[in-house]
Protein chains: 2
Amino acid sequence: AGILGATLSSALSTMVGAPRILAALAENRTIPLARVLASKTPNNDPRNAILVSSAIALVVIMVGNLDSLATMLTMFFLATYGAINLIVFIEKTLGIASFRPQFDLALVIPIVGFCGCLGAMLLINKLFTILAILVIVLIYSRLASKNLVSPWGDVRGGVFTAITEWAAQKAMSMPYHPRLWKPSIIVPVENPLNYRNVMHLTRDIIYPSGRLYCLSVYTENNGLSQLESKRELLAPLIAEELFVQDISITDGSFDSALPVVLQTLKSSFLPPNAVLLTISNNREKQKRLLSLIEKINSFQIGLMCLHIHPKTGFGQEKKINLWLRDRSPNINLAVLTAFQLMQNWDQANLNLLRVVKNREDIEKAVLNLEFFKEKARLPVNTAVRVIQGDFYEVIQQETADITIFGMPVPCNTMFDLIGKVPSTVIFLADSGLENAIV
Amino acid sequence: AGILGATLSSALSTMVGAPRILAALAENRTIPLARVLASKTPNNDPRNAILVSSAIALVVIMVGNLDSLATMLTMFFLATYGAINLIVFIEKTLGIASFRPQFDLALVIPIVGFCGCLGAMLLINKLFTILAILVIVLIYSRLASKNLVSPWGDVRGGVFTAITEWAAQKAMSMPYHPRLWKPSIIVPVENPLNYRNVMHLTRDIIYPSGRLYCLSVYTENNGLSQLESKRELLAPLIAEELFVQDISITDGSFDSALPVVLQTLKSSFLPPNAVLLTISNNREKQKRLLSLIEKINSFQIGLMCLHIHPKTGFGQEKKINLWLRDRSPNINLAVLTAFQLMQNWDQANLNLLRVVKNREDIEKAVLNLEFFKEKARLPVNTAVRVIQGDFYEVIQQETADITIFGMPVPCNTMFDLIGKVPSTVIFLADSGLENAIV
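Residues numbered from 1 in each chain as written. Chains lettered and ligands numbered in written order. Predicted model: local features only at pLDDT ≥ 70, side-chain atom pairs only at ≥ 80, totals over all residues. Heavy atoms only, no water.

Remarks on the domain arrangement of chain A
Accessible area lost upon the coming together of the parts is a frequently used measure of interface size. Selection rule: Start and end points for every domain follow an automatic or database-based domain assignment.
Taken domain by domain, chain A comprises domain 1 (2-145) and domain 2 (182-429). One C-alpha centre belongs to domain 1 of chain A, the other to domain 2 of chain A; they are set 58 Å apart.

Right under this line is the structure:
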């Protein structure tokens with residue numbers, strides 16, 4: 001009699017509950033034929049759902065083996081209980097303020113509950129357990145791909161936020177080593193429309209694992225159109241899954257905002273390690289650039305000054321000329337940038353170049369550069385060339401698709417050089433965080 | 001003869017190699033008795049290491065079973081090869097620029113190599129495999145606890161940076177939902193010495209899983225002492241493993257820097273969602289506060305204005321009075337903050353209070369507040385009180401350890417209230433990202 005009673009009560013509750021659960025699932029559009037199944041009679045009975053679930057029950061009983069059916073049902077019940085335990089555990093771990101249950105539990109209880117459910121499932125039937133988990137994952141991924149927005153929100157974003165917080169704290173507590181250097185560049189964009197080729201080069205420097213910070217300062221009246229064209233500018237990089245952070249400031253000017261933004265970002269985890277500025281031919285703008293460089297110099301951040309040749313641009317993106325002065329302090333960022341460009345330009349060639357005054361110094365300089373090439377682990381097809389003559393005359397002869405210099409001291413000699421070199425030029429100043437040798 | 005040859009060549013190479021590896025380990029202080037073992041003869045022979053390794057070899061051969069010894073050695077060789085494959089895989093995945101091997105491999109090769117080594121180990125002997133891995137983990141954790149700085153750096157920091165980048169990108173691509181709200185407060189600190197109690201309250205709001213951003217603007221001449229006292233200010237929070245980000249700006253004033261910093265942080269992952277400002281009794285500073293609030297208002301960030309009572313401070317940290325006006329727009333952040341404080345103050349009590357003009361409105365207001373208490377899932381011991389009378393007179397009678405108001409409109413009525421309420425007061429304005437009901 002006890003068994004009969006238990007069976008009947010279980011059967012009755014299922015008979016009433018199952019169709020209503022089916023109807024509720026249909027209401028949230030999580031199953032096919034949602035419109036039909038969700039419809040209800042004026043008495044609020046989900047008639048269609050009752051018919052469908054009865055039909056399913058009858059078919060299964062007639063076709064199947066009742067014993068293995070019971071096992072399967074138990075499995076899914078256990079899986080549901082296990083999932084609830086898992087969810088309680090996750091929400092509790094995330095530490096979000098919205099999780100304030102009336103009945104609070106120690107963290108260990110959902111863990112024990114989840115492990116218990118999983119253990120019981122494995123004890124009953126190992127094959128079915130794996131099958132049940134597979135079915136659940138399948139249903140979940142189908143629902144996730146539908147991009148359903150549940151009315152009560154979801155906490156998936158919170159999971160990643162919590163991971164970010166954890167990893168960021170860990171990363172900040174670890175010591176930095178130059179071996180960890182990745183290109184991580186902040187580009188102040190004045191007018192997004194003029195920055196298409198700058199962004200193209202930046203992409204070729206940071207790809208595939210670097211970071212880009214795009215800073216723009218806009219005023220009230222041109223804000224919307226700027227935001228729009230900036231989004232368009234960054235879209236191709238985001239499509240490549242590069243790390244892009246877009247910073248828009250509505251307040252103040254570039255020259256006053258940039259130092260504050262740089263200092264704020266430097267103190268964050270994942271800071272940028274270089275600023276990319278463009279060199280204009282305009283005297284006024286060159287002066288502004290110099291004063292900006294002076295401000296930035298104290299922040300321990302690399303500096304990239306780019307002048308795109310108005311005619312040739314980046315040419316065929318094949319030939320990279322890297323000029324290495326003897327004992328230059330700004331050599332590491334230049335080498336690393338050249339290396340990144342060579343990786344991302346298709347079949348590009350790197351030339352290490354140096355100018356010497358006297359013929360007898362040539363051999364020593366060649367040995368020197370070859371040694372450096374070996375130490376910096378540059379590719380074997382890197383060419384080394386030492387030219388005798390006057391620096392300013394020699395550089396006028398050397399064509400390339402991009403010419404890379406270490407930042408000269410004083411840095412206003414940049415403005416003389418950009419007029420002379422017959423290609424796009426980029427000047428690079430180390431921050432002290434780079435090391436091309438390690 | 002073949003077997004003999006193989007055995008002899010293997011034995012010879014081990015005989016020469018082993019003592020030198022032992023000496024090298026000693027040189028890097030990774031084993032005990034480092035000083036003795038690292039010493040070398042003038043011929044550069046590590047004599048002590050040779051003696052020790054010979055002794056070990058003799059003892060093992062005499063005592064042990066040669067067969068199981070061979071198994072064990074093979075295990076450790078396989079483990080070493082597996083570890084190298086794993087390291088290549090990790091360094092390649094991190095995408096750091098310093099990983100530019102002469103002989104580049106597809107990512108799949110180290111994976112196959114690692115799995116192959118592990119598989120071979122498991123095939124040979126399952127128990128030994130687990131033992132070998134345990135021994136390796138033990139040695140690693142011992143070395144890690146010694147905080148050795150290897151001369152060639154390590155990439156552990158890079159692993160966490162890569163995880164941070166991955167999770168941050170994921171988190172940013174997920175939709176935000178008010179359920180994910182966590183207290184995440186930026187506190188502009190003018191003088192660290194005066195902010196000890198402000199920081200104490202902030203800690204009680206964000207604990208255990210919120211975030212704190214501490215912003216200070218300092219000038220050249222007082223920079224060092226300020227940095228020092230700021231570090232002291234934040235040390236207890238960092239010791240509790242709270243998420244603390246310290247931002248120091250050397251350029252410009254508070255009023256100009258704060259909007260730029262806020263906008264920069266808002267565009268980062270893990271942005272703050274509230275600013276905590278202090279209210280002074282000084283008329284001039286109150287004016288500055290109002291203009292600052294006006295600037296901040298457009299940034300979709302919550303606002304907390306704190307006035308610490310000069311005499312009572314936070315009292316016993318027991319009684320929290322939360323005044324809820326009817327239909328106030330600034331209710332969510334106030335409720336969530338009160339909830340956080342109640343969690344972190346030991347046995348604190350929360351009172352929901354409202355003032356009504358007429359006696360007949362009392363009952364309705366009580367029902368209203370009780371309903372809200374239920375919806376916001378506030379603890380059952382939350383008291384609801386509705387008082388009839390004039391607002392400004394009533395609040396003068398109500399003592400508490402902290403009094404919480406929604407931000408009044410216009411917000412300069414704050415300055416009238418702080419003089420009247422006989423306790424520390426905090427005014428809270430919603431950002432729109434909070435929801436106390438979900």
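Here's the deal with the pattern of salt bridges
So the rule is basically this: When a carboxyl oxygen of Asp or Glu is within 4 Å of a side-chain nitrogen of Lys or Arg, the pair counts as a salt bridge. A run of H or I in DSSP becomes a helix once it reaches four residues, and a run of E becomes a strand once it reaches two; helices and strands are each numbered from the N terminus. Burial here depends on accessible area, computed with a 1.4 Å probe over protein chains only, as a share of the maximum for the residue type. Under 20% is buried, over 50% is exposed, and the range in between is partly exposed.
Applying the stated criterion across every chain, the model contains 30 salt bridges over all chains. Arg20(A) serves as the salt-bridge partner of Asp45(A), at 2.9 Å between the closest nitrogen and oxygen. One end of the pair, Asp45(A), is in the loop between helix H2 (34-38) and helix H3 (47-63); the other, Arg20(A), is in helix H1 (residues 2-27), with 25 residues separating them in the sequence. Taking the relative accessible area as the measure of exposure, Asp45(A) reaches 32% and is therefore partly exposed. Among the residues examined, Arg20(A) registers a relative accessible area of 36% and is labelled partly exposed. Through salt bridges that share partners, Glu165(A), Lys182(B) and Arg211(B) make up one connected network.

Some remarks on the environment of Leu118(A)
Here Leu118(A) lies in helix H5 (residues 108-124). Judged by relative accessible area, Leu118(A) falls into the partly exposed class, the value being 30%.

Points about the relation of the copies chain A and chain B
Spelled out, the test is: Least-squares superposition of the copies uses the C-alpha atoms of those residues scoring a pLDDT of at least 70 in each of them. By definition in these notes, contact holds between two residues if any of their heavy atoms fall within 4.5 Å.
The operation relating chain A to chain B is a screw motion whose rotation component is 180°, with 0.0 Å of axial translation and a residual RMSD of 0.1 Å. Such a combination of turn and shift is consistent with a two-fold rotation axis. The position closest to the rotation axis in chain A is occupied by the C-alpha of Thr164(A), lying 2.4 Å away. Both copies contact each other with a shared surface, as 100% of the interface residues of chain A are interface residues in chain B too.

With respect to the pairing of strand S1 (residues 184-188) of chain B
Regular strands place their side chains on alternate faces of the sheet. Residues and elements named next belong to chain B. Formally: DSSP bridges decide pairing: two strands pair if at least two such bridges lie between them. Looking down the strands as they point away from the viewer, one classifies a crossover as right-handed if the path from the first strand across the helix to the second runs clockwise.
Counted residue by residue, S1 has five buried out of five residues, so it is predominantly covered. Neither face of S1 is left uncovered, since the one carrying Ser184, Ile186 and Pro188 and the one carrying Ile185 and Val187 both have all their residues buried. By the bridge criterion, five bridges tie S1 to strand S2 (residues 211-217) in an arrangement that is parallel. Residue pairing across strands places Pro188 opposite Leu215, the latter belonging to S2. In this region the chain leaves S1, passes through helix H8 (residues 196-206) and returns to the parallel neighbour S2; the handedness of that crossover is right-handed. Relative to strand S4 (residues 274-278), S1 runs parallel, the two sharing two bridges. Residue pairing for S4: Ile185 is matched across the bridge by Ala274.

Focus: the sheet that holds strand S4 (residues 274-278) of chain A
Residues and elements named next belong to chain A. This is how it is decided: A fitted line through C-alpha atoms represents every axis, and for helices the fit uses only the stretch in contact; the resulting angles, taken between N-to-C directions, go from 0 to 180 degrees.
Pairing in this open sheet of ten strands is mixed, and the strands run S3-S2-S1-S4-S5-S10-S9-S6-S7-S8 from one edge to the other. Every other strand in the sheet has two partners, leaving strand S3 (243-249) and strand S8 (383-388) as the edge strands with one partner each. Sheet twist, expressed as the average angle between the axes of neighbouring strands with direction ignored, equals 20°.

Examining the packing of helix H11 (residues 283-296) of chain A against helix H15 (residues 413-420) of chain A
Residue and element names in this part refer to chain A. Note the following rule: Any angle that falls under 35 degrees is termed roughly parallel, while one over 145 is termed roughly antiparallel, one within 65 to 115 roughly perpendicular, and all others oblique. Ten residues, namely Ala, Val, Leu, Ile, Met, Phe, Trp, Tyr, Cys and Pro, are considered nonpolar, four, namely Asp, Glu, Lys and Arg, are considered charged, and the remaining ones, Gly among them, are considered polar.
Viewed as axis vectors pointing N to C, H11 and H15 meet at an angle of 130°, and their least axial separation amounts to 11 Å. Relative to H15, H11 is oriented oblique. Contacts between H11 and H15 involve Gln286, Leu289, Leu290 and Ile293 from the former and Met414, Phe415 and Ile418 from the latter. Partitioning the contact of H11 with H15 into residue classes produces six nonpolar, one polar and no charged.

Description of the interface of chain A and chain B
Worth spelling out the cut-off: Buried surface area refers to the total accessible area, computed with a probe of radius 1.4 Å, that the two partners give up upon joining, counted for both partners together. Identification of polar contacts relies on pairs of N or O atoms within 3.5 Å, with a donor-acceptor requirement for protein atoms, meaning one able to donate a hydrogen and the other able to accept it, and with residues adjacent in sequence counted only if both atoms are side-chain atoms.
Counting residues at the interface gives 68 residues for chain A and 68 residues for chain B. For the pair chain A and chain B, the summed buried surface comes to about 6,200 Å²; carbon and sulfur atoms form 58% of the total. Of all residues in chain A, Arg100(A), Phe160(A) and Arg179(A) give up the largest surface area on contact with chain B, accounting jointly for 13% of the area buried on that side. Viewed at the interface, chain B and chain A are joined by six salt bridges. Here Lys182(A) ties to Glu165(B) by a salt bridge, and the two come within 3.0 Å at their closest N and O atoms. Here chain A and chain B share 30 residue pairs in polar contact (both at pLDDT 80 or more) between them. Listed by contribution, the elements that provide at least two residues to the side of chain A that touches chain B are helix H4 (66-94), helix H7 (156-173), S3, helix H10 (254-266) and helix H12 (332-344) of chain A. Among the elements that line the side of chain A that touches chain B, the one with the most residues is H7(A), at 15 residues. In the side of chain A that touches chain B, the residues fall into 35 nonpolar, 19 polar and 14 charged.

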